[in-house]
Amino acid sequence: MQSKPMSIFRVCLVFLAFGVLPIRAAQSEDSSPGVRAVLFFAPSAAQSRDFFAFYLPGLIEHWGPRLQVSGIDISAEPGAGVYRAAAERLTLPPAADDTPVVLVGERVLVGLPEIAGGLGDDFERLA
């Protein structure tokens, strides 16, 4: 029998896989590539609050629907379990300090400076 965190992780992966289809359809209409990212965050962490308050609105304003970010709160057990399952499979850093982590494509971005650079400056390369 599968553990609950692993089951939740697999369900998230299925939703992400099905979510790629609308991006592909949108690409054929306007030929703009899209990027999907998963953000693991803790609402109490300063870097996470700064990301949502200051950085994410600017990214969304600049890139619009081409950027889709799904957030998973790691401060609650369901999200923490998903993170642990993802960390085991994808070699992610421990979430002990509540630093935000973004998965985008095959890249792992850890901390606000790396996330800002990876989703901002390198966006065209990720698309």
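Trainee: Is there a simple way to explain the overall build of the chain in this structure?
Mentor: A tally of helices and strands in the chain yields five helices and four strands. Helices and strands in the chain line up, N terminus first, as α-β-α-β-α-β-β-α-α. Once local pairs closer than 6 in sequence are excluded, the contacts in the chain between residues at least 24 apart make up 60%. Of the roughly 7400 Å² that the chain leaves accessible, carbon and sulfur atoms contribute 60%.

Trainee: Explain the pairing of strand S3 (residues 101–104) to me, please; I cannot follow it from the model alone.
Mentor: For a regular strand, the rule is simple: side chains alternate between the two faces of the sheet. Judged by which residues are buried, S3 turns out to be covered on both faces: Val 101 and Leu 103 on one side and Val 102 and Val 104 on the other are all buried. Pairing between strand S1 (residues 35–41) and S3: four bridges, direction antiparallel. Across the sheet, residue Leu 39 finds its bridge partner in S3, namely Val 102. In the sheet, S3 pairs with strand S4 (residues 107–110) via four bridges, with the strands oriented antiparallel. Its bridge partner being in S4, Leu 103 is matched across the sheet by Val 108.

Trainee: In this structure, what is going on with helix H2 (residues 46–63)? I would like to understand it.
Mentor: Working note: α-helix, 3.6 residues per turn, so residues spaced by three or four point in the same direction. The end-to-end C-alpha distance of H2, which contains 18 residues, comes to 24 Å, matching closely the 26 Å that a straight helix rising 1.5 Å per residue would cover. If you look at H2, its biggest bend is around 45°, right at Tyr 55, and the proline Pro 57 turns up within four residues after that. Among all positions of H2, only Ser 48, Phe 51, Leu 56, Leu 59 and Trp 63 are buried.

Trainee: How should I be thinking about the nonpolar core in this particular structure?
Mentor: Burial of nonpolar side chains together is a common tendency in soluble globular proteins. Residues Leu 39, Phe 51, Val 102, Val 104, Leu 109, Ile 115 and Leu 119 are the most contacted members of the largest nonpolar core, which totals 15 residues. The set of elements that each furnish at least two residues to this core consists of S1, H2, S3 and helix H4 (112–121). Once you skip the residues sitting within four places of it in the chain, Leu 39 turns out to touch Phe 51, Phe 52, Val 69, Ser 70, Gly 71, Ile 72, Pro 100, Val 101, Val 102 and Ile 115. Core analysis: the second largest hydrophobic core is formed by 13 residues, Ile 74, Val 82, Tyr 83 and Leu 92 among them.

Trainee: Just checking my understanding: could you explain the sheet that holds S4 for this structure?
Mentor: Note: strands within a sheet are paired through backbone hydrogen bonds, in either parallel or antiparallel orientation. Overall, mixed pairing links the four strands, which are arranged S2-S1-S3-S4 in an open sheet. Of all strands in the sheet, those bounded by a partner on one side alone are strand S2 (67–73) and S4. This sheet shows a mean twist of 20° between the axes of neighbouring strands, independent of strand direction. Across the face of the sheet, H2 comes into contact with S1 and S2 while running at roughly 170° to S1. Set on the sheet, helix H3 (residues 77–90) makes contact with S1, S2 and S3; between it and S2 the angle comes to about 115°.

Calculation criteria
Residues numbered from 1 in each chain as written. Predicted model: local features only at pLDDT ≥ 70, side-chain atom pairs only at ≥ 80, totals over all residues. Heavy atoms only, no water. Helix = DSSP H or I, 4+ residues; strand = E, 2+ residues; numbered from the N terminus. Contact = heavy atoms within 4.5 Å. Areas by Shrake-Rupley, 256 points an atom, 1.4 Å probe, with all protein chains shown as cover. Buried < 20%, exposed > 50% of the residue type's maximum accessible area, 1.4 Å probe, protein only. Pairing = 2+ DSSP bridges. Expected span 1.5 Å × (residues − 1). Bend = angle between axes of the 7 residues up to and from the residue. Core = buried A, V, L, I, M, F, W, Y, C linked by side-chain atoms within 4.5 Å. Axes fitted to C-alpha atoms, helices over the stretch in contact; angles between N-to-C directions.

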